[in-house]
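Analysis of the macromolecular model
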Amino acid sequence: MSNSKRNILGLWILTNTFGFVLGMIFAVLSISVSWALYSSSIPYYNVFHSFVSVLPASSVAFAAQWLVLRRFFTGLRWWIPASVGGAILGWIILTNPENSLLKIFVTLPVGCMQYLCIYQSFEKKILWVLASTIGLFSIFITGPVGVAIYVVLTGTCLTKWERQTIEKNNG
């Protein structure tokens, strides 16, 4: 394994883990603040704490991803807004009480929004959407174990892309 491949995978694992942990800290803090502000009015509390916990948590996690990705790929200036936008769309789907079948697709918007930012081939973009969706869904279901699944799936995509780029440049 070349230094480049080890670096991207190692950095991806480290920053995603850090981003998710820091994001969860922000989520807990925002839930605490929303409880203090809106505990007496339950409908507002649920909406406020859900939205306020999604926004900072996803912002931190996706900013950490962007820090790694920008070293290896160009054209990612919209990564954070697109990813956070996807997280907000997922949050809207999750909180829609009318259609519980939609909740299966709660993580799909993040991968789809990131799809628009990735300047790779269609096949690589689809692999990313699948890896991201399956990984984020595993976080939704299993919690911290899902973070490892997400990081491994998406990190594998990045490592494969980096290896293909190196082979293309050398051959």
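Because the structure is predicted, anything quoted here is derived from the model rather than measured.

Attention shifts here to the overall build of the chain. Broken down by element type, the chain carries six helices and zero strands. The burial tally for the chain puts 39% of its 171 residues in the buried class. Considering only contacts in the chain between residues 6 or more positions apart, those separated by 24 or more positions represent 61%. If you sum the accessible surface of the chain, you get close to 9,700 Å²; carbon and sulfur atoms cover 71% of it.

Below, the discussion takes up the confidence of the model for the chain. Reading fine detail from the predicted coordinates is not recommended where pLDDT is low. Counting all residues, the mean pLDDT for the chain is 76, and 76% of those residues have values of 70 or more. Within the chain, the element-level pLDDT minimum falls on helix α2 (residues 42-72), averaging 72, and the maximum on helix α6 (residues 144-170), averaging 83.

A word on the side chain of S138. Mapped onto the elements, S138 comes out in helix α5 (residues 122-142). Look at S138 and you get buried, because its relative accessible area is 10%. A polar contact is formed between the side chain of S138 and the backbone oxygen of G135, at a distance of 2.5 Å.

Moving on to α6. The end-to-end C-alpha distance of α6, which contains 27 residues, comes to 39 Å, matching closely the 39 Å that a straight helix rising 1.5 Å per residue would cover. Turning to α6, its buried residues are G146, V147, Y150, V151, T154, G155, C157, L158, T159, W161 and E162.

Here the focus is the packing of aromatic side chains. Enumeration over the complete set of coordinates arrives at four aromatic pairs. With centroids separated by 5.9 Å and ring planes inclined at 70 degrees, the aromatic side chains of W12 and W128 adopt a geometry described as edge-to-face. Residue W12 is found in helix α1 (residues 3-38), and its partner W128 is found in helix α5; the two are separated by 116 residues along the sequence. Ring pairing ties together the aromatic residues W12, W79, W128 and W161, which thus form one cluster. We note K125 situated over the ring of Y115; from NZ or CZ to the ring centre the distance is 4.7 Å.

What counts, and at which threshold
- Residues numbered from 1 in each chain as written.
- Predicted model: local features only at pLDDT ≥ 70, side-chain atom pairs only at ≥ 80, totals over all residues.
- Heavy atoms only, no water.
- Helix = DSSP H or I, 4+ residues; strand = E, 2+ residues; numbered from the N terminus.
- Buried < 20%, exposed > 50% of the residue type's maximum accessible area, 1.4 Å probe, protein only.
- Contact = heavy atoms within 4.5 Å.
- Areas by Shrake-Rupley, 256 points an atom, 1.4 Å probe, with all protein chains shown as cover.
- pLDDT = per-residue confidence, 0-100.
- Polar contact = N/O pair within 3.5 Å; in protein donor to acceptor, adjacent residues only side chain to side chain.
- Expected span 1.5 Å × (residues − 1).
- Phe/Tyr/Trp six-rings, centres within 6.5 Å; stacked < 30°, edge-to-face > 60°.
- Lys NZ or Arg CZ within 6 Å of the ring centre and 35° of its normal.

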